[in-house]
Amino acid sequence: NLSLIYGRKKESGPVEVQMCQSILPMHANHQGELGAGQLLKWMDTTACLAGEWDCAVVDADMGWSSGVGQVINIKARVNRAFNTSMEVGIYVTVQDVLSGVTKRVCVAFSTFVAKPTGTHKVSLKPLDIQGSVGEMLEYSLASERRRLRLYNEQAFKNLMKDYNNLQDKCLCSRKPVAPVVSTELTRVESIELVLPPHANHHGNTFGGQIMAWMENVATVAASRLCGCYPSLGAVDMFRFRGPSSVGDRLVFKAMVNNAFQTSVEVGVRVEAYNCEEWNEGTPRHINSASMIYYIPGRDTEKQTFPEVTYTTLVSYLHVQQHKNSHYILYCITVYLGYNNVAALTVLAGKRGWEASNINDKVGVYVHEEADKLSLKVEMKVKTTACYAFSLLADLRLRPQWDQNYLSCEEVEKADEEETIYHIKCTTVNGSKSRDFVVLLSKRQPCKNGDPYVIALRSVTVATVPPEENSIRSEVKCAGFLVHEIGYSTCKVSYYNQVTSGVLPYVEGNIAGWSKSMEETAMSCITFLEQDLLTTQF
């Protein structure tokens, strides 16, 4: 069993822990491929070591196709430490020994909390990230992933509230429209006894071991629906709610939640009993997860799953929640918002910006990469960062300072941070006017030093169809980053990845015969500073 684990301390930033593991027959399933449960155990071990190394944590618990003869390389490092939790990024690659070809097979982000001393939670020290662009990017996106995780937890709580409200209603009389498979037929239960090899030095069960057992029952549940051996594609909402110890009996319950043509979602619940709880029949709910499976087909095409019908309240509510149009819109908007902020963060983190024009208050920069052209405008504004953020985040105010905006109307407000707008712009060079439908995602700083973020990208909504008298255009990636410089001074940076729809408005600046971007920037500065003076009196 050729295995190597080591930590590498870089000049700055967190420790990177690596595991190099040779895949032996004992690690493989009946098809000769690395078992997903075994991979989850290795990932958990590497991530735990990364968390302990960087944040002085004594103990922490975590809230593809590769075969025999290949080598798995797992890297883990702490991306960001919050107040009482931290995110660990895990990156898995596989190397073929004969050809030497390496490919990435898995990426995961785990949330750890330090083991509390008594009743008080352990506060973590912030990390000093001064490494590569990739590390800085993961540091910035960690807060977005934390927001998505908290949203998923809230959605689950809302689902259980609906379950409690509908317990007295009979749903068994609902009949499917077409012959389908009942989710009840996929129900699987398994019991495992926690022995010393399954636990750490504190006597608590390894998180990776629990995940491996959960993957086993989930795979059986999915196979009962499709009648063959499915492959694990993704793991979502892997929630560790409490510990279990040596001697506990763990009951694993799995059932298909829903099928979506080429994939199926399996829900898994883990309950723990000690001897007294086992006799009294009072379990502890310690883990939950949703796992996505697919059926590998020929030529990388995924096969379809049979349709399912629900026979229990939880299954019914799960299906109804996916069918609810507002819920679907909200889910789509939340994940689009994550991609929106991520794209702007990536654009802002690029190196090699070349100065085009700089003065005391405004600086214009250009970045060229292959066939991509991006622009950056930096503005020094005498106002607070919070106030500048509040004005720039309301896109309906932009026609007051941007001469290219004719009007801007709010179309849909998914939540306080995600809003869809319809923008109508002026005509350029005698052509038709252009309009844009964009999603605005705004984020406040997680801690001191982080910028305020306002990200923009085009979206398509049925309520705003294209108009005959205008050209529907695209914003691929744009937005503002607002950094606080002092009490009443901030730096506003505007970014835009130029598209064919945006090019007519900036081509004069790029060619050098127009100063429209500098003029618009000065107008923005005046708007932000004058508006603050007006409100103070």
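If you're wondering where the values come from, they're calculated on a predicted model, not measured in any experiment.

### Points about the environment of Asn 204
Move 1: Note that Asn 204 resides in the loop between strand 8 (188-193) and helix 3 (207-226).
Move 2: On a C-alpha basis, the gap between Asn 204 and Asp 248 in space is 9.9 Å, while along the polypeptide they are 44 residues apart.

### Here we look at the pairing of strand 24 (residues 489-497)
Move 1: Extensive coverage of strand 24 is indicated by the burial of seven of its nine residues.
Move 2: Taken together, the nine bridges between strand 23 (residues 477-486) and strand 24 define a ladder with antiparallel strand orientation. Paired with His 483 across the bridge in strand 24 is Lys 491.
Move 3: The hairpin formed by strand 23 and strand 24 contains two residues between the paired strands.

### Overview of unusual backbone geometry
Move 1: Backbone geometry at Ala 370 places phi at a positive 55 degrees, although glycine is not the residue there.
Move 2: Position of Ala 370 relative to the elements: it lies in the loop between strand 16 (362-369) and strand 17 (372-381).
Move 3: Here Ala 370 falls in the exposed class, since its relative accessible area comes to 86%.

### Brief notes about the pattern of salt bridges
Move 1: As enumerated under the stated definition, the model contains 15 salt bridges in all.
Move 2: A salt bridge links Asp 394 to Arg 396; its shortest N-O distance comes to 3.0 Å.
Move 3: A salt bridge links Arg 443 to Glu 418; the nearest nitrogen and oxygen atoms lie 2.6 Å apart. In this pair, Arg 443 is assigned in strand 20 (residues 433-443) and Glu 418 in strand 19 (residues 418-425), connecting sequence segments 25 residues apart.
Move 4: A relative accessible area of 7% places Arg 443 in the buried class.
Move 5: Under the relative-accessibility criterion, Glu 418 is labelled buried at 0%.
Move 6: The network of salt bridges with shared partners includes Asp 248, Glu 277 and Arg 284.

So, how was this worked out
Position numbers for residues start from 1 in each chain and track the written sequence from start to end. With pLDDT at 70 or above as the cut-off, local features in this predicted model cover only qualifying residues; side-chain atom pairs require 80 or more to be listed or tallied, and sums for whole chains, interfaces and linings still use all residues. Only heavy atoms go into the side-chain values, all of them from the structure, while hydrogens and water stay out. Secondary structure elements are taken from DSSP: a helix is a run of H or I of four residues or more, a strand is a run of E of two residues or more, and numbering for both begins at the N terminus. For the exposure calls, accessible area comes from a 1.4 Å probe over protein chains only, and a residue counts as buried if that area is under 20% of its type's maximum, exposed if over 50%, partly exposed in between. Two strands make a pair as long as DSSP finds a minimum of two bridges between them. A pair is scored as a salt bridge if a Lys or Arg side-chain nitrogen falls within 4 Å of a carboxyl oxygen belonging to Asp or Glu.

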